[in-house]
Every structure is written in structure tokens, then in C-alpha cells.
Amino acid sequence: DAGVIQSPRHEVTEMGQEVTLRCKPISGHDYLFWYRQTMMRGLELLIYFNNNVPIDDSGMPEDRFSAKMPNASFSTLKIQPSEPRDSAVYFCASSYPPLGYTEAFFGQGTRLTVV
Amino acid sequence: RKEVEQDPGPFNVPEGATVAFNCTYSNSASQSFFWYRQDCRKEPKLLMSVYSSGNEDGRFTAQLNRASQYISLLIRDSKLSDSATYLCVVNEDSNYQLIWGAGTKLIIKP
């Protein structure tokens, strides 16, 4: 298996533009997680899905952020409109079974810069 | 108070030395504990789980102290390749979130 695949690896966009980040989890993993990492705040959980259903989105910073998982092999995180403070590395991770009991496998991340 | 706290470092350690760092957690009901390693500009990867009885994996030893609510990581005979940020992770079984520490940066010098 190729592991968790994220795209794009790098994204530079102007403030106000829509940004869409993509993730393909490891086949067979029931749980998918979106994280954001910054120097100031460390690694933060934004949202997670179980069997394509959003379970906890309390970490989503505001309405500008939305996430979907239309099927077991694909998820998106969208920011609209983007702001400079959204600049961070966004990681997608998957696991089976739940994270507390097994390893979380991370994608290589998307480095987002909003100018 | 942060739920999971780590000394950010950096710890500058000569090659071959032994280094240890701790991580404290605030929720006494926490059930699962892990150490992840993150190399510069890379994703976090599981280093080892931390069991109640303590566990060892080669040069790495992890310990859990429930009474004082901390976990520790000991690295013996440190290698240049051990240079990384070590993230302490705690899971509260009431949900499936992992609570992440901010990480301890380790630099091994020749």
C-alpha cells in the first residue's frame, strides 16, 4: 500500500481564494483525521470521520473550513475564503481501529501559504 | 494549563550519550500513551506505545507513571539519526481523539 496520500504537497494562494486539500486514506482504514500543525499551536485535530461520517468537527476553527468524505477512499478539506492565519501544514491521517488502540498513519502533509 | 505538556527543548546531546525527557498529562483518566517521532518537514510517525509496565525497543525505553501523571522516553547510545522532534500523545478512552504535546526537539551532535 502506498500509505496515506495527500495533494497538493504545497499550495500558495492569495487571501480570499478558495483552497481545497485532498486525502486518500489507506485502504481498509475506517477512521480519517484532518490535523493542522503550526509552530505556535502544534498539532491540532480539526475533524475526524468514521466510515465516511463526520464524528467530531469541534476542532474546525470557523465556518470558513469544511470537510467532506464522499467515499471510503477520498476526503477533502476546503477553506473558503482563505486568510493568512490559515497558513500551516495540514495533515491527513488514517487508522484502523480507532486511534487510541493502534497506530495513526499520516500523509506527508500539505504546506499551505496564504499571502 | 495544557492537557499534555512537554519541554520544547532543544536538547543538545553528544552522540553516544543517554538522553531522557518527560511528558505530563492532566487527565487522570487517560488510558493510552504513545511517543511519535517527527523529522523536520516530515509527518509524525509512531515510535512506540507506552505500556503500564514500561517497555523497551532496542535503544528506546518508555515508562508510564500514573501516580504522577507523566510518561518518559529514554534513548541510550544516541545516534545522529535520532535528531528529531519527539511528540508525546495521550488518548482518553471516552473519545477517539489523540491529545498531542507540542514536542521536544532533540539534536544529536557528533
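All residue numbers refer to position in the chain's written sequence, counted from 1. Whichever chain is written first is A, and whichever ligand is written first is 1; the rest continue in order. Restriction of local features to residues with pLDDT of at least 70 applies here, the model being predicted, together with a cutoff of 80 or more for giving and counting side-chain atom pairs; totals for whole chains, interfaces and linings are based on all residues. Remark: hydrogens and water are excluded; side-chain values derive from all non-hydrogen atoms of the structure.

1. Notes on the interface of chain B and chain A
Argument step 1. Contacts between the two partners involve 15 residues from chain B and, on the opposite side, 20 residues from chain A.
Argument step 2. Buried surface area refers to the total accessible area, computed with a probe of radius 1.4 Å, that the two partners give up upon joining, counted for both partners together. For the chain B and chain A pair, buried surface summed over both sides reaches about 1700 Å², with 55% attributable to carbon and sulfur atoms.
Argument step 3. Between Lys or Arg on one side and Asp or Glu on the other, a salt bridge is scored when a side-chain nitrogen of the former is within 4 Å of a carboxyl oxygen of the latter. At the junction of chain B and chain A, the tally comes to zero salt bridges.
Argument step 4. The secondary structure listing takes helices from DSSP runs of H or I that are at least 4 residues long and strands from runs of E that are at least 2 residues long, numbered from the N terminus. Every element with two or more residues in the side of chain B that touches chain A is listed here: strand E4 (32–38), strand E5 (44–50) and strand E10 (98–100) of chain B.
Argument step 5. The greatest single-element share of the side of chain B that touches chain A, amounting to four residues, is contributed by E4(B).
Argument step 6. For this classification, the nonpolar set comprises Ala, Val, Leu, Ile, Met, Phe, Trp, Tyr, Cys and Pro, the charged set comprises Asp, Glu, Lys and Arg, and every other residue, Gly included, is treated as polar. For the side of chain B that touches chain A, the residue count by class is seven nonpolar, four polar and four charged. Only heavy atoms enter the contact rule, under which two residues are in contact if any of them lie within 4.5 Å.

2. As for the nonpolar core
For soluble globular proteins, nonpolar side chains are generally found buried alongside one another.
Argument step 1. Only buried Ala, Val, Leu, Ile, Met, Phe, Trp, Tyr and Cys residues count toward a nonpolar core, and they belong to the same one when joined by side-chain atoms within 4.5 Å. Working definition: with a 1.4 Å probe on protein chains only, accessible area under 20% of the residue-type maximum means buried, over 50% means exposed, and in between means partly exposed. Core analysis: the largest hydrophobic core is formed by 23 residues, its most contacted members being Phe21(B), Trp35(B), Ile71(B), Leu73(B), Ile75(B), Tyr86(B) and Leu106(B).
Argument step 2. Elements represented by at least two residues in this core include exactly strand E3 (19–25), E4, E5, strand E7 (60–65), strand E8 (70–75), strand E9 (84–91) and strand E11 (104–109) of chain B.
Argument step 3. Setting aside residues up to four positions removed in sequence, Ile71(B) forms contacts with Phe21(B), Asn22(B), Cys23(B), Phe33(B), Phe34(B), Trp35(B), Val50(B), Gln63(B), Leu64(B) and Cys88(B).
Argument step 4. Core analysis: the second largest hydrophobic core is formed by 21 residues, Met69(A), Ile79(A), Cys92(A) and Leu112(A) among them.

Geometry only, nothing functional implied.
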